[in-house]
Amino acid sequence: MDVKIKKTDHGLLGKLSFPGDKSLSHRAIIFGSLAEGESHFTNVLAGEDCVCTRKAFEKLGVEIRASSPTELYIKGKGLHALQAPREDIDLGNSGTSIRLLMGILAGNPFEATLTGDLSLCSRPMRRVTDYLKQMGATLEGRDDANFAPIRMKGGKLRGIEAELPISSAQVKSAILLAGLYAEGQTSVTEPVRSRDHTERFLKYFGGSIEENGLTVSIKGGQKLKAKSFEIAGDISSAAFFMAMAALVKGSAISFKEVLWNPTRLGIVEVMKRMGAHFDELKLSDTKGPEVISDFSIQPRPLNAFEIKREELPSLIDEVPILTVLATQAKGKSIIYEADELRVKETDRIHSMVSQLSKMGARIEAKGNTIVVEGPTALHGAKVDSLKDHRTAMSLIVAGMMADGETMVRDLECINTSFPNFFELLKKVKVGYELC
Ligand code: S3P
């Protein structure tokens, strides 16, 4: 599926709620499955990535009933009653699913093979498998278990002290989940704190962890108890509409019940530094383990920004849309040392530099640092998602700012994280033609 889109020549108005946050939806399914008792979650993301996590746990014997695609009842099996899968577990495009699942299966005494699509099978896994091997699990795969398919056998684990060279919530979560099964204490230290959803879920579901600066520790031999809550709206999906609200003159979009976890607010901090105006910012109540907020954004002239390596984990998934914002901001924006973007669903430094250049953007990569000069009058072009959902949606926002017609190709990937993206575009009256 492709889309044709023209420059948006009117303000965008509307009040928007977003599908459940992807990171939270994965974890709701995971913790619901490992808890004792029945959990009930609403506003679960029905995107393909989370469907993969759900199917994986069904293959491990967990009973999951969906009263609608976004409402799940999960009969948790506890930590020690998962069943050996009868066939390979396919995690599609989802890095979070495969990495967190490896952590859990490391502590379960059976064999399993985890695989995924072409993109997932070319993403690095040794950052997880090396630690799980140290803990006592057996993992095999191409390049010393660096690439899926990964064949693994779990069993008796021992606690380790892991010092991660790169901040990564997926790696941290995999080790902490394995730590639930390990003898003694497991601790993970990151250079900068990555998103802390796993820590919050562990505590909310009745587990106990210790947090000390950049180190999180967990002891084996705990039990988790079922919980029920609504999943907060995905701030990484809202980010595309936040960019539109800041860029398109005459817009007034308000945002309802969006996840407002401090470890995910890099996009808000950077947009504020650019001069974007956030209004009526009010921290509302919590939704289960997480905090949410309502807010609105008014368009303002935007200035260039700089993002240093330490800030990257708080906006790691928002870099593609930030490069689009940078094309419209005054001055030279620099995103330093974004190496981690090279190993996302696609190489997102390459995808954004190559595709935005076709639209006339002044954007280049100096090694892993991205430099964008603005403001630039973008022009319509034929561009490609490179099968990456966040590249696809970012290019659609760029198309809304470009003269003439932009065609963004190969958009099926958007279903991995934001199945109703086009519905919400319609709601704020953005014109587009799917073809
Ligand atoms: C995620 C962690 C992030 C992010 C991904 C979801 C998670 O990756 O890019 O989309 O749910 O734990 P890192 O492992 O780089 O932090």
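Refer to the structure above for everything that follows.
To keep things clear, this report deals only with the structure shown in the data block. (Residues numbered from 1 in each chain as written. Predicted model: local features only at pLDDT ≥ 70, side-chain atom pairs only at ≥ 80, totals over all residues. Heavy atoms only, no water.)

**Brief notes about the pairing of strand β4 (residues 63-68)**
Note on strand geometry: in a regular strand, side chains alternate between the two faces of the sheet.
Right, on to step 1. In this structure, β4 lies alongside strand β5 (residues 71-77), joined through 5 bridges in antiparallel fashion. Looking across to β5, one finds that Arg65 is bridged to Tyr73.
Right, on to step 2. Between β4 and β5, which pair antiparallel one after the other, the connecting turn spans 2 residues. (Pairing = 2+ DSSP bridges. Helix = DSSP H or I, 4+ residues; strand = E, 2+ residues; numbered from the N terminus.)

**Description of the packing of aromatic side chains**
Right, on to step 1. For the structure on display, the rule yields 21 aromatic pairs.
Right, on to step 2. Residues Trp260 and Phe295 carry aromatic rings whose centres are separated by 5.0 Å and whose planes lie at 45 degrees to one another, so their mutual orientation is tilted. Here the residue Trp260 occupies a position in the loop between β17 (252-259) and α9 (266-274), and Phe295 occupies one in strand β19 (residues 290-298), the gap between them amounting to 35 residues. Note on accessibility: Trp260 and Phe295 belong to one class, buried.
Right, on to step 3. Aromatic rings pair up to connect Phe18, Phe240, Phe241, Phe255, Trp260, Phe278, Phe295, Phe418, Phe421, Phe422 and Tyr432 into one cluster. (Phe/Tyr/Trp six-rings, centres within 6.5 Å; stacked < 30°, edge-to-face > 60°. Buried < 20%, exposed > 50% of the residue type's maximum accessible area, 1.4 Å probe, protein only.)

**Let's talk about the nonpolar core**
Right, on to step 1. Residues Phe57, Phe241, Met242, Phe255, Ile396 and Phe421 are the most contacted members of the largest nonpolar core, which totals 152 residues.
Right, on to step 2. The leading source of residues in this core is helix α8 (residues 235-247), at 11 residues.
Right, on to step 3. Among all residues touching Phe421, those that are not within four sequence positions of it are Phe240, Phe241, Met244, Met393, Ile396 and Ile414. (Core = buried A, V, L, I, M, F, W, Y, C linked by side-chain atoms within 4.5 Å. Contact = heavy atoms within 4.5 Å.)

**Description of the site of the ligand**
Right, on to step 1. Taken together, Lys22, Ser23, Arg27, Thr96, Ser168, Ala169, Gln170, Arg195, Ile316, Asp317 and Lys344 make up all the residues around the ligand.
Right, on to step 2. A distance of 3.0 Å separates an oxygen atom of the ligand from a polar backbone atom of Gln170.
Right, on to step 3. In isolation the ligand has 390 Å² of accessible area, and contact with the protein removes 96% of it.
Right, on to step 4. Element by element, the count of residues in the shell around the ligand is highest for helix α1 (residues 22-34), at 3 residues.
Right, on to step 5. When its residues are assigned to classes, the shell around the ligand shows 2 nonpolar, 4 polar and 5 charged. (Near = heavy atom within 4 Å. Polar contact = N/O pair within 3.5 Å; in protein donor to acceptor, adjacent residues only side chain to side chain. Areas by Shrake-Rupley, 256 points an atom, 1.4 Å probe, with all protein chains shown as cover. Nonpolar A, V, L, I, M, F, W, Y, C, P; charged D, E, K, R; others polar.)

**Focus: the sheet that holds strand β3 (residues 36-42)**
Right, on to step 1. Spatial strand order, β4-β5-β3-β16: 4 strands in an open sheet with mixed pairing. Edge strands, defined here as strands with exactly one partner in the open sheet, are β4 and β16 (228-230). Recorded for the sheet is a direction-independent mean angle of 15 degrees between the axes of neighbouring strands.
Right, on to step 2. In the sheet, β3 pairs with β5 via 6 bridges, with the strands oriented antiparallel. Counted as the bridge partner of Glu38 is Lys75 from β5. (Axes fitted to C-alpha atoms, helices over the stretch in contact; angles between N-to-C directions.)

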